[in-house]
Amino acid sequence: MNERLAGLVPHPLTVTEHEGSFPLAAGTQVRPADPQSEAAASAVAGVIGRLPAPAEPRRTGGQGEPPEIVVAVTSRQGNEEYSLLIGPDRIEIEAGGPAGACYAAQTLRQLLPADAWRAAAIPGTDWTVPCAEITDQPALAWRGAHLDVSRHFLPKRDLLALIDALAALKLNRLHLHLTDDQGWRIESKLHPAVHEAGSHRPRSRLSLNSERPKVYDDIPHGGYYTLADLAEINAYAAQRMMTVVPEIEMPGHAAALLAAMPELAAGSPPPGGFQVSADWGILPYLMSPLPGTQRFIRDILGELLTAIPAGYVHIGGDECVLDSWRDDPAIDGYRRDRGLATPADLHAAFLRDIANMLADDFGARTLVWDEGFASAGAVSLRPDTIVMAWRGMEIARKAALAGHDVITVPVLPTYFDYGQADSQLEPVAIGGPITVQDVAAFAPAPAAWPAAAGARVLGTQFQVWTEYIPDRLALEYMVFPRACALAEVAWSGRPSSWSEGEPGRPPLAQRVAAHLSRLDGAGVAYRPLDGPRPWQQGGDGPRRHRRGYPIGDVARYLDGLAAADPASLTTSE
Ligand code: ACM
């Protein structure tokens, strides 16, 4: 197979090689086949027009019509489905809608040489794509990336660059974890204290939770996205067919909020008051579930969803230490008045209230981490709540069998904050390792599941929690190349063979290597497959390699927690 055709990530459904090549240019005309195809043609023109290619295409024959790309929307294809017929003078794209057309253009981009991924053209770049016929569609609708911008804030420009790199892999969800104990990252004009006081901390913990003494960097850290920034990020992602899924953590992981608005807290503040936390882990501070908190949440959602008219909102629900709900007389009375037997029932009812608010007032669908499903018993979740199952596949299967749509995100292998190799050269990470091969071997909807459960799997995504990921360079190191493997698995819906390949499908290792050359062109600081470059290593200082939590122990521990009764919600650090 032609080398360029053999380097696609994710691999298309079918690839047939033809003779010849098509000359691509920034000015290549992208023409809708009919008026109904205009939006799809614009999606293609968006990708092609951003290439640093020569303005005018190289004419193949010297005469005749200039090369062109014709885009047609067909009713027989799904929105994300496309076919691509690349001839020497004409590329025909057929797609079910703009998303499929955009993916066809992303495939074309991958068929260019790696130098085409630079920000400006360099001499000698071969701006041609090999002739071929490609048909393609994703197996899973939800192919995502989760990014924690609370533990460490990612400046907007860095986030936009990341969106570019993820969209190139046909990932279509960006789950932004915007609030947590360590920082609130959303501007609020109605409650400005949340971003003024909640968005920064005086220092950050450098030592692992298990390490003593506790070591801090004594460097102030913070930042927030204005509502205009969020609107811009959303629009930028939407141009690249990525849906932003904002997350506001509730009722736990709320210390940064409570530092700004202690009146929303359950129970009394700790000595010295609530603080934006410089420590990681599970803190015992919760929002109160009383109506005042719900009014505040409605205000914040109103502002957020004006900036990002999101169809999905994640409301957290994980790792809640419910002691303060049990011990606070006003909250305990409120629970009894509502006829709820336990704090876990109140947890489920609170999440259900917010899900109802999101549906009724904002037309948005709710996602929760799987504790939201675990606490639901006497009180069930809203049936349309999507369960994001992080504590293993068994809780995902149970939620699916209970009739919820699920996103399967087990720590092993979708938590990319875990290190990538068990090597002293690696930088500090919370634990590990989770290798790129582990990710490639992941089955997001296991074949052994009952069909009814498998049908509920919307998809999968990787998670990057950023306790030990302070900036863009550290982030890109953790994301790539594992995101390539995740994108492959999410697109195909099944594990991918790393080193063997299949008929018509070169091994993933070979295709990821090709993609890493593209990332070189784009200037993305990925981890090379054979280990960190000297300046990416942990060194002997604060980022030196430590083992952290061994991944097998973590997976077993979380499986046990997920299988236990909802009282497991109440364990603290
Ligand atoms: C999580 O990792 N607490 C969702």
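Being a predicted model, the structure only gives us computed values, none of them experimental. For every chain, the first residue of the written sequence is number 1, and numbering continues from 1 along that sequence. Only residues with pLDDT of 70 or above have their local features reported here, since the model is predicted, and side-chain atom pairs are shown and tallied only from 80 upward, although totals for entire chains, interfaces and linings are computed over all residues. To obtain the side-chain values, all non-hydrogen atoms of the structure were included, while hydrogens and water were left out.

Overview of the packing of aromatic side chains
Moving on, step 1. In this analysis, rings of Phe, Tyr and Trp, with Trp reduced to its six-membered ring, are considered paired at centre separations within 6.5 Å, and the interplanar angle assigns stacked below 30 degrees, edge-to-face beyond 60, and tilted for intermediate values. Tallying each qualifying case throughout the model produces 11 aromatic pairs.
Moving on, step 2. A ring pair is formed by Phe274 and Tyr285, whose centres lie 5.3 Å apart and whose planes are at 85 degrees; its orientation type is edge-to-face. Within this pair, whereas Phe274 is found in the loop between α6 (255-260) and α7 (291-307), its partner Tyr285 is found in the loop between α6 and α7, the two being separated by 11 residues in sequence.
Moving on, step 3. Given the relative accessible area of 26%, Tyr285 is considered partly exposed.
Moving on, step 4. Plain terms: the ring middles of Tyr415 and Trp465 are 6.1 Å apart, the flat faces sit at 50 degrees to each other, and that makes the pair tilted. Residue Tyr415 is located in the loop between α13 (411-414) and β18 (431-432), and its partner Trp465 is located in the loop between β19 (457-464) and α16 (472-479); the two are separated by 50 residues in the primary sequence.
Moving on, step 5. Taking the relative accessible area as the measure of exposure, Trp465 reaches 9% and is therefore buried.
Moving on, step 6. The rings of Trp369, Trp390, Tyr415 and Trp465 are connected pair by pair, giving a single aromatic cluster.
Moving on, step 7. Charges are assigned to positions over rings by a cutoff of 6 Å between ring centre and Lys NZ or Arg CZ, combined with an angular limit of 35 degrees from the ring normal. Here the basic side chain of Arg173 rests over the ring of Trp142, its NZ or CZ set 4.8 Å away from the ring centre.
Moving on, step 8. Of note, Arg240 hangs over the ring of Tyr236, and the distance from its end group to the ring centre comes to 3.6 Å. Going along the chain from the N terminus, every DSSP run of H or I of four or more residues is numbered as a helix, and every run of E of two or more is numbered as a strand. Classification of residues uses two cut-offs on accessible area relative to the type maximum, computed with a 1.4 Å probe and protein chains only: under 20% is buried, over 50% is exposed, and between them is partly exposed.

So, the sheet that holds strand β5 (residues 90-95)
Moving on, step 1. Overall, mixed pairing links the six strands, which are arranged β1-β6-β4-β5-β3-β2 in an open sheet. Of all strands in the sheet, those with a lone pairing partner are β1 (14-23) and β2 (29-32), marking the two edges. Taken pair by pair, the neighbouring strands of this sheet meet at an average axis angle of 20 degrees, ignoring direction.
Moving on, step 2. Two elements, strand β4 (residues 82-86) and strand β6 (residues 128-136), share five bridges in a ladder whose sense is antiparallel. Its bridge partner lying in β6, Ser83 is registered against Thr135.
Moving on, step 3. On top of the sheet, helix α2 (residues 98-110) reaches β3 (68-73), β4, β5 and β6; it is set at about 40 degrees to β4, its chief contact. The rule for pairing is simple: two strands pair if DSSP sees at least two bridges between them. Angles shown run from 0 to 180 degrees and are taken between the N-to-C directions of axes, each axis being a line fitted to C-alpha atoms and, for helices, limited to the stretch in contact. Contact between two residues is taken to exist if any of their heavy atoms lie within 4.5 Å; hydrogens are not considered.

A word on α2
Given 3.6 residues to a turn, an α-helix orients residues that are three or four positions apart in the same direction.
Moving on, step 1. In this scheme, a helix's expected span is set at 1.5 Å multiplied by one less than its residue total. Spanning 13 residues, α2 covers 18 Å between terminal C-alpha atoms, matching the ideal 18 Å at 1.5 Å per step.
Moving on, step 2. Of all the 13 residues making up α2, 11 are buried; the element is thus mostly covered by neighbouring parts of the structure.
Moving on, step 3. Among all positions of α2, only Ala99, Gly100, Ala101, Cys102, Tyr103, Ala104, Ala105, Gln106, Thr107, Leu108 and Gln110 are buried.

Considerations on the environment of Val554
Moving on, step 1. Along the chain, the position of Val554 falls in helix α19 (residues 551-563).
Moving on, step 2. Since its relative accessible area comes to 10%, Val554 is described here as buried.
Moving on, step 3. Placed 177 residues apart in sequence, Val554 and Gly377 show a C-alpha to C-alpha distance of 26 Å.

Describing the packing of α7 against helix α10 (residues 343-362)
Moving on, step 1. α10 packs onto α7 with a crossing angle of 40 degrees between their chain directions and a minimal axis gap of 11 Å. The orientation of α7 relative to α10 falls into the category oblique. α7 and α10 meet at a crossing whose hand is right-handed. Contact with α7, carried on its side by Gln294, Ile297, Arg298, Leu301, Gly302 and Leu305, involves Phe350, Asp353, Ile354, Met357, Leu358, Asp361 and Phe362 of α10 and no other residues of that element.
Moving on, step 2. Gly is placed with the polar residues, together with every amino acid not listed as nonpolar (Ala, Val, Leu, Ile, Met, Phe, Trp, Tyr, Cys and Pro) or charged (Asp, Glu, Lys and Arg). Tallied by class, the residues present in the contact of α7 with α10 amount to eight nonpolar, two polar and three charged. Here the word oblique covers every angle except those under 35 degrees (roughly parallel), over 145 (roughly antiparallel) and from 65 to 115 (roughly perpendicular). Handedness of a helix crossing follows the sense of rotation of the near helix relative to the far helix, less than a right angle counterclockwise being left-handed and clockwise being right-handed.

Some points on the packing of helix α9 (residues 329-337) against α10
Moving on, step 1. Interaxial distance between α9 and α10 falls to 10 Å at its minimum, and their mutual angle equals 80 degrees. When the interaxial angle is binned, α9 and α10 end up roughly perpendicular. Contacts between α9 and α10 pair Ile331, Tyr334 and Arg335 from the former with Pro343, Leu346 and Asp353 from the latter.
Moving on, step 2. The class makeup of the residues in the contact of α9 with α10 is four nonpolar, no polar and two charged.

A few points about the sheet that holds strand β14 (residues 312-316)
Moving on, step 1. Reading around the circumference, β7-β8-β13-β14-β15-β16-β17-β19 is the order of the eight strands in this closed barrel, with parallel pairing throughout. Strand-to-strand, the axes of this sheet are offset by a mean angle of 30 degrees, without reference to chain direction.
Moving on, step 2. Here three bridges tie β14 to strand β15 (residues 365-369), and the two strands are oriented parallel to one another. Bridge assignment links Val313 to a residue of β15, and that residue is Thr366.
Moving on, step 3. Running over the sheet, helix α3 (residues 156-167) touches β7 (142-148), β8 (173-177) and β19 and is turned about 150 degrees from β8.

Overview of the nonpolar core
Moving on, step 1. Only buried residues count toward a nonpolar core, which is a set of Ala, Val, Leu, Ile, Met, Phe, Trp, Tyr and Cys residues joined through side-chain atoms within 4.5 Å. In terms of nonpolar packing, the biggest core is built from 142 residues, with Leu166, Phe462 and Phe480 touching the most fellow members.
Moving on, step 2. Counting residues per element, this core draws most heavily on α10, which supplies nine residues.

This is a description of form; function is not addressed.
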